[in-house]
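An overview of the molecular structure
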Amino acid sequence: MIRFSLLLALLVFLASIVQRYIPPIIWLKESAILLAPALLFYGCLTLPFPAVLGLTFFTGLTNDLLTVPFAQESNYSIGTSIVLLLIPALIMHGFSSTFLRGRWGTNLLLAELAAVLTPFLLLGQYAIISFERRAFFYNDVIMWRILGPGVIAIVISPCVFLVLAYLSDLLRYEPQLDRPRQG
Amino acid sequence: MRGTSIAALITFVVLVVFVLILPSGCKQQWQAAFLNTVSPIFHATSALTQGIGGVSGGFKKLDELEKENRELRTENAELRTSNSLLKNLQSEVNRLNRALGYRERSPFNLLPAHVISRENAAWWNSCTIDRGSADGVAIDMAVVTEAGLVGKIVNVSKNAAIVLLVSDEGLKVSVSIEGTQEQGIISGTRASSNYVPDLRIGFISKTADVKPGMKVFTSGTGGVFPSGVLVGTVKGFAIKELEGVATVEPAVDLTRVEDVFVITGTR
């Protein structure tokens, strides 16, 4: 479990860097391709609860340190993404038993659920920035900036899940359900 | 919930609260330290990207050579190819001459730097350059090219620095409009396209005679940006309820800029 958690953390770190060099999709109003959320959500489905929290913390902090140009007068604090990512991470972790018992069809649906939850971080960031800057406006560019990565993740997430399932087998990691204590 | 889960949850909450309540300066230092750690990766990736460009350029040349071999039967085609190559070389020489000339003419001390990573985030426009505190770069220094203003330094590590671009909504620059007495604050817009970003000048008088094509320069108010640096060209002017608002096209192509100068002082 520890080896697989560390591998996921390493992959999240590398994905966060690689994302910077992937140009946005022009015909989707410059939507970004995000790989790190799919990695995190796979971890949420297969890792035990403490590791999910650890991975969420690492992903959120890495994201903020790499993407937010933090200045003294910044209105988005480093660490906020950890809180924002915790919500979809816990939703995904709630489906871990379904994922671990499920067949490929169920797992594909959960990969698509991961895609649906991908824009959550961007939506949260947009809401916080709008609130802090006291300027809440909305147009189709903003809509695509938020939803576009989710649309792209519909294709990417199943592929990421497939690769991670293979790596999990390679490391002989067998995910187990969090069982309630026997009374 | 098991004991380990409860302990993990408590640790998680404590850590998150700790990170969130850290003072700004401390967070800035964290980011600088992190940048210091990842900057070798940025340097390597940037070199690799250029290398890939070079390799693909090599393939292109081979391709062209093969094509040229076929076309060598006609002298006309050979001349066309040579001419095109010369034009490319000339434009490269011109570009370097412009940069060199600008550096020599400029009244500022300019430190040349190269963009090693471009931020792809939805709500922030920034890039990372290959110069840091070891080269004398410090927070709040202005970054320019021979074409105009690029942004300002917001965080510095030993060998790299983060530049907040002028197209970012969070960067406010005091500017004046050429041919008028008008001054205002220019900033990027959140919903603008990264590829054709629009800047916006607020707080202009409603009666101002601002027309498309007028140049916008930094006014020097505030002390961060020196006065007289070109920011962009006015695209349009609209009168709102309380103020006039001008949209401005940036002077620098912020999506393609590769070589920049950090203003480290005046001569």
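Refer to the structure printed above.
For clarity, every value in this text was computed on a predicted model and none was experimentally measured.

Residue and element names in this part refer to chain B. Taken in spatial order, the six strands of this closed barrel run E1-E2-E5-E4-E3-E12, and their pairing is antiparallel. Between one strand axis and the next, the sheet turns through 45° on average, direction left out of account. Inspection of the sheet shows strand E2 (residues 126-129) paired to strand E5 (residues 161-165) by four bridges, in the antiparallel sense. Across the sheet, the residue bridging to Thr-128 is Ile-162, located in E5.

So, about the nonpolar core. With 71 residues, the main nonpolar core has B:Ile129, B:Ile153, B:Ile186, B:Ile201, B:Val216 and B:Val262 as its most contacted residues. Discounting chain neighbours no more than four positions away, the residues touching B:Ile129 are B:Ala113, B:His114, B:Val115, B:Ile116, B:Ile153, B:Asn159, B:Ala160, B:Ala161, B:Val163, B:Val260 and B:Val262. Among the nonpolar cores identified, the runner-up in size contains 49 residues, and A:Val12, A:Leu40, A:Leu110 and A:Tyr126 belong to it.

What follows covers unusual backbone geometry. Here the phi dihedral of A:Arg172 falls at roughly 55°; this positive angle occurs in a residue that is not glycine. With respect to the element layout, A:Arg172 can be found in the segment after helix H8 (140-170). With relative accessibility at 75%, the residue A:Arg172 sits in the exposed group. Of note in the backbone geometry, B:Asp140 takes a positive phi value of approximately 80° without being a glycine. Using a relative accessible area of 35% as the deciding quantity, one classes B:Asp140 as partly exposed.

On to the interface of chain B and chain A. Opposite the 48 residues of chain B that make contact, chain A presents 51 residues. At the boundary of chain B with chain A, total buried surface from both sides reaches about 4,500 Å², with 64% on carbon and sulfur atoms. Sorting the residues of chain B by area buried against chain A places B:Trp123, B:Trp124 and B:Arg190 first, and these three jointly supply 19% of that buried surface. There are eight residue pairs in polar contact (both at pLDDT 80 or more) connecting chain B and chain A. Secondary structure elements with two or more residues in the side of chain B that touches chain A: helix H1 (3-21), helix H2 (24-71), strand E1 (108-118), E2, strand E4 (149-156) and E5 of chain B. If one sorts the elements of the side of chain B that touches chain A by residue count, H2(B) sits on top with eleven residues.

Residue and element names in this part refer to chain A. The interhelical angle for the contact between helix H1 (residues 2-21) and helix H3 (residues 49-67), taken along N-to-C directions, is 20°, at an axis separation of 10 Å. Judged by the angle between their axes, H1 and H3 are roughly parallel. Crossing of H1 over H3 shows right-handed handedness. Here Ser-5, Leu-8, Ala-9, Val-12, Phe-13, Ser-16, Ile-17 and Arg-20 of H1 lie close against H3, whose contacting residues are Ala-51, Leu-55, Phe-58, Thr-59, Thr-62 and Leu-66. Residues of the contact of H1 with H3, tallied by class, amount to nine nonpolar, four polar and one charged.

The rules behind these values
Residues numbered from 1 in each chain as written. Chains lettered and ligands numbered in written order. Predicted model: local features only at pLDDT ≥ 70, side-chain atom pairs only at ≥ 80, totals over all residues. Heavy atoms only, no water. Pairing = 2+ DSSP bridges. Helix = DSSP H or I, 4+ residues; strand = E, 2+ residues; numbered from the N terminus. Axes fitted to C-alpha atoms, helices over the stretch in contact; angles between N-to-C directions. Core = buried A, V, L, I, M, F, W, Y, C linked by side-chain atoms within 4.5 Å. Buried < 20%, exposed > 50% of the residue type's maximum accessible area, 1.4 Å probe, protein only. Contact = heavy atoms within 4.5 Å. Buried area = accessible area lost by both parts, 1.4 Å probe. Polar contact = N/O pair within 3.5 Å; in protein donor to acceptor, adjacent residues only side chain to side chain. Parallel < 35°, antiparallel > 145°, perpendicular 65-115°, else oblique. Left-handed = near helix turned anticlockwise from the far one by under 90°. Nonpolar A, V, L, I, M, F, W, Y, C, P; charged D, E, K, R; others polar.

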